[in-house]
Structures are given as C-alpha cells and as structure tokens.
Amino acid sequence: MTRDKLLAALGSSFAAGPGIEPVADVQAMRSSNNYAHQLARRLDWQLVDLSVSGATSANIVDTPQQSQMGPGEFPPQLKGLPGNADVVTVTVGGNDLQFAGSMLYTALKREDPSSPLLDMMGPMFPSGIPPASDDVIAEAAQGLVRVIDGISAAAPDARVVLVDYLTVLEADISKPETTPFNAEELSKLLELQTAVERVFADTAGQREVELLLASELSRGHSLGSFDPWVQPFDSALDRISGSFHPNEAGMSAIADGLADLLTD
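What comes next concerns the included structure. (Residues numbered from 1 in each chain as written. Predicted model: local features only at pLDDT ≥ 70, side-chain atom pairs only at ≥ 80, totals over all residues. Heavy atoms only, no water.)

## Section: helix 4 (residues 99-111)
Between its terminal C-alpha atoms helix 4 stretches 18 Å, which fits the 18 Å expected from 13 residues at 1.5 Å a residue. Turning to helix 4, its buried residues are Phe 99, Ala 100, Gly 101, Ser 102, Met 103, Leu 104, Tyr 105, Thr 106, Ala 107 and Leu 108. For helix 4, the elements touching its buried residues are helix 1 (13-16), helix 5 (117-121) and helix 7 (183-207). (Helix = DSSP H or I, 4+ residues; strand = E, 2+ residues; numbered from the N terminus. Expected span 1.5 Å × (residues − 1). Buried < 20%, exposed > 50% of the residue type's maximum accessible area, 1.4 Å probe, protein only. Contact = heavy atoms within 4.5 Å.)

## Describing the pattern of salt bridges
All chains considered together, the criterion is met by 14 salt bridges. The residue Arg 30 makes a salt bridge to Asp 25 at a minimum N-O spacing of 3.8 Å. Classification of Arg 30 as buried rests on a relative accessible area of 11%. Ionic pairing is found between Asp 234 and Arg 239, a salt bridge with its closest N-O pair at 2.6 Å. Classification of Arg 239 as partly exposed rests on a relative accessible area of 46%. Within this structure, Asp 25, Arg 30 and Asp 49 form a network of salt bridges that share partners. (Salt bridge = Lys/Arg side-chain N within 4 Å of Asp/Glu carboxyl O.)

## Things to note about the pairing of strand 1 (residues 6-11)
Working note: regular strand, side chains alternate between the two faces of the sheet. The buried fraction of strand 1 amounts to 6 of the 6 residues, a majority that puts the element mostly inside the structure. The alternating pattern of strand 1 places Leu 6, Ala 8 and Leu 10 and Leu 7, Ala 9 and Gly 11 on opposite faces, both of which are buried. Summarising the sheet, strand 1 and strand 4 (residues 46-49) pair through 4 bridges and their orientation is parallel. Bridging from a neighbouring strand, Leu 6 pairs with Gln 46 of strand 4. Where strand 1 meets strand 7 (residues 87-91), 5 bridges bridge the pair, whose relative direction is parallel. Looking at strand 7, one finds that Gly 11 is bridged to Thr 91. (Pairing = 2+ DSSP bridges.)

Below is the structure:
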C-alpha cells in the first residue's frame, strides 16, 4: 500500500489567506480555503500548512515570529517541515520588500488617518513607500535562496515549487475609483510589485526550482478590475488584515495552476 502524498506549505499572508473564511488558525491568520488547502483537497493529499501572515524569509529559515493577533510566537517554519514531504510550496518575500505593508500604510494615511495602526506602522515607513532598489531586491532574493536551501536540507526529496504573488495592482484598470492610491503612489507600488516578481524569477533560475507565476495568472484580476481576485481595502480592525490580499477566487486560481503543474 502506497502512502498518501504529503504537501507542505510555507509562506506569508499571500499563502496563508487572511480574510478568507473559514479560519484555520486565528493566530497565524491562516484560512482553510487558501491555495494549499484547496490543492490538498483536490488532489486528496495530506497537508502540513505552516504559513503565517506577516512572515519574512527569515521567519521561515531561522527567526521566530511574534503573533500579530495576541501573545505567542511561531518557530521558524522550517522547524515544522516534515522530512518526507513530497511537495513544498513557497510564497514569501513580499514582506522583505515591505510590499503589503506599504499598500496598507499608504491607504490608511488617506482613508483612515485616525487609525491607531498608523502610530505602530509609522517607524517602518519613515519616508513613505520604500524604493525598490537593486540592493534591496538582491537581499530579498538571497533570503528566498536561503529558504530553498533550507528545504533541501530538511526534506531532500521534496519537489519545491515557488508560487509568486498574485497581482494586486495594475496601471490600467476598469474602476480606478476603487483604489485608494494617487498616481505617484501607484507608480511606486507597481515598482515594488515588479520587484517581488523579479525576486521569484531570479531565485527560481538561480536554484533551478519550479515557479508558478501567480502574477501572470491573475493579470486582469487586480484591485479595480471587474473580476478582482484580491480583497479591497477595509480599515475595520477585524477585517483590515485581508486588505490587498488574495480572495477565495484568487486562491482557487492558484490551486488550479498548481494542480495542473503537479499532475502534468
């Protein structure tokens, strides 16, 4: 009798799925309808989902992560990676570049300037949206390389699939009034989004691992489109974590892409 295949998922909020019901882990802001859960159900595989919203590449490799939802700490995600994993998916790096945080901070400043989150986030953005410099991109790529090398050491027979970030913003959209950014802010945020895509492409080539381009799958489904795969900005404290993140339809599309890749 052959054992069931085992899927392990590592990553940040774009893997965890904050704001998508039902919630699998409140502290991790992890949904049981994120792409990993949907994929495991579709393929009838076992799943170990270690993704945590807010994670950086360091939080996967060697740095514990403080819960954003109360007291508690998550160990580095690689500590929980089963050595017999057949497939490991990875979506991380956006927080290394402060992509989601930049969108949230910029939107809060305009839409809800009295939000208590602004005081907390302010020190992280002393000059507003950070530049996507070559040095910053190289450092983020090196962080993703460390993640891949850590997976290879912990689960040497695993098939590693990088899943880049679903497209949140596009320059040409159908309903610009639904986006809380002016033209200058949008331009800077698009540069950061492109930087995230570059990190994944560069790392996949450097380590010769597979890459699912969620960014390509989701073109035309960004914030402000007629069929968005991303949640809109919501400043309510109990819903803000889902702002600018994949919705269930976006997660389903990624699961579809992964199912095609893994069963081809």
